[in-house]
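# Structural overview for review
So you can see what is in the structure, the chains are spelled out below.
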Amino acid sequence: ELSFIHRFVPATKPGRPPLLLLHGTGGNEDDLLPLGKIIAPGSALLSPRGKILENGMPRFFRRLAEGVFDEADVRMRANQLADFIGEARAAYELDAPVAVGFSNGANIAAAMLMLRPEVLAGAALLRAMVPLSEPPKADLTGKLVLMISGQLDPIIPTDNAEQLAAQLTAAGALVNHKVLPTGHGLSQQDLSLTQSWLTNV
Ligand code: MLT
């Protein structure tokens, strides 16, 4: 038994990194599988369900209010998820995955990059914000990170997303930050940008 409820889809094409799919608030382990198949055809897909329930909605860490995080919980849950990745790599014989996270899933992926950088081969952060106000000094040298933000996102001010991009860049990550003229939800452009970015990871 692995430590997170999850779905796993084996690879049908060799030589591509697995994707770690991380859902948004209220999502589950099934949600992002269709997206994963579109953006990375043939790649293995590992999709855990967040362990927190907020009014019945699964999440990856606790928050005190929208956009206000319980940072002690962020740290604990990011470490738990990083441990799960190790278990799943052993169980399914996987290379280090590339995280593809949306909203709350993007935020836990950003926290993992800072706390346990070795577990991810890279990360696509869709609608992410700063998860830790005082991040530890991580070494992300050469790690590829795609961030896609929405200029009209009512939850994430653009300067907050820019601050996250700056934190990751300062740690050595190669950050490609795109801001689309859209809101918090994903658009077709998010999928096509992520798909083409993934071909270089
Ligand atoms: C979070 O709680 O991680 C952010 O507010 C995004 C979301 O609504 O999930």
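The structure this text deals with has already been given above.
Residues numbered from 1 in each chain as written. Predicted model: local features only at pLDDT ≥ 70, side-chain atom pairs only at ≥ 80, totals over all residues. Heavy atoms only, no water.

What follows concerns unusual backbone geometry. In this model, Asn 55 sits at a positive phi of 50 degrees, which is unusual for a non-glycine residue. Relative to the elements of secondary structure, Asn 55 occurs in the loop between strand S4 (52-54) and strand S5 (57-59). If you check the backbone angles, Ser 103 has positive phi at about 55 degrees while not being a glycine. If you trace the backbone, Ser 103 turns up in the loop between strand S8 (98-102) and helix H3 (104-115). When its relative accessible area of 13% is taken as the criterion, Ser 103 is described as buried. (Helix = DSSP H or I, 4+ residues; strand = E, 2+ residues; numbered from the N terminus. Buried < 20%, exposed > 50% of the residue type's maximum accessible area, 1.4 Å probe, protein only.)

Under the counting rule described, the total for this entry stands at 9 salt bridges. Arg 62 serves as the salt-bridge partner of Asp 73, at 3.9 Å between the closest nitrogen and oxygen. Within this pair, whereas Asp 73 is found in helix H2 (residues 71-92), its partner Arg 62 is found in the loop between S5 and strand S6 (63-65), the two being separated by 11 residues in sequence. Judged by its relative accessible area of 5%, Asp 73 falls in the buried class. Since its relative accessible area comes to 39%, Arg 62 is described here as partly exposed. Connected through salt bridges with shared partners, the residues Glu 54, Arg 59 and Arg 63 form a single ionic network. (Salt bridge = Lys/Arg side-chain N within 4 Å of Asp/Glu carboxyl O.)

Here 7 strands make up an open sheet; going across it, the order is S1-S3-S2-S8-S9-S10-S11 and the pairing mixed. Two strands close off the open sheet at either side, each with one partner strand: strand S1 (6-9) and strand S11 (174-180). Each adjacent strand pair in this sheet contributes to an overall mean axis angle of 15 degrees, direction not counted. Here helix H5 (residues 188-198) sits on the sheet in contact with strand S2 (19-22), S8, strand S9 (122-126), strand S10 (144-150) and S11, set at roughly 170 degrees to S10. (Pairing = 2+ DSSP bridges. Axes fitted to C-alpha atoms, helices over the stretch in contact; angles between N-to-C directions. Contact = heavy atoms within 4.5 Å.)

The subject of this paragraph is the site of the ligand. Neighbouring residues of the ligand: Thr 25, Arg 59, Phe 61, Arg 63, Gly 67, Phe 69, Ser 103, Asn 104, Asn 107 and Ile 155. Taking Thr 25, its side chain carries an N or O atom lying 2.5 Å from an oxygen atom of the ligand. Arg 59 places a side-chain nitrogen or oxygen 2.7 Å from an oxygen atom of the ligand. Protein contacts shield 96% of the accessible area of the ligand, which totals 260 Å² for the unbound molecule. (Near = heavy atom within 4 Å. Polar contact = N/O pair within 3.5 Å; in protein donor to acceptor, adjacent residues only side chain to side chain. Areas by Shrake-Rupley, 256 points an atom, 1.4 Å probe, with all protein chains shown as cover.)

Using the criterion set out here, one finds 3 aromatic pairs in the structure. For the ring pair Phe 4 and Phe 84, a centre distance of 5.2 Å and an interplane angle of 45 degrees mean the geometry is tilted. Of this pair, Phe 4 sits in the segment before S1 while Phe 84 is found in helix H2, placing the two residues 80 residues apart along the sequence. Take Phe 4: its relative accessible area is 6%, and that puts it in the buried class. Taking the centre distance of 3.9 Å and the plane angle of 10 degrees together, the rings of Phe 8 and Tyr 92 count as stacked. In this pair, Phe 8 is assigned in strand S1 and Tyr 92 in helix H2, connecting sequence segments 84 residues apart. Classification of Phe 8 as partly exposed rests on a relative accessible area of 23%. On the basis of relative accessibility, which here comes to 30%, the residue Tyr 92 falls in the partly exposed class. (Phe/Tyr/Trp six-rings, centres within 6.5 Å; stacked < 30°, edge-to-face > 60°.)

Moving on to the nonpolar core. A general tendency of soluble globular proteins is for nonpolar side chains to be buried together. The biggest cluster of nonpolar side chains holds 43 residues, and the ones touching the most others in it are Leu 22, Met 112, Leu 125, Leu 164 and Leu 168. Elements with a contribution of two residues or more to this core: S2, H2, H3, S9, S10 and helix H4 (158-170). For this core, the element with the highest residue contribution is H3, accounting for 9 residues. In this structure, Leu 164 is in contact with Ala 110, Met 114, Leu 125, Ala 128, Met 129, Val 130, Pro 131 and Met 147, ignoring residues within four places of it in sequence. (Core = buried A, V, L, I, M, F, W, Y, C linked by side-chain atoms within 4.5 Å.)

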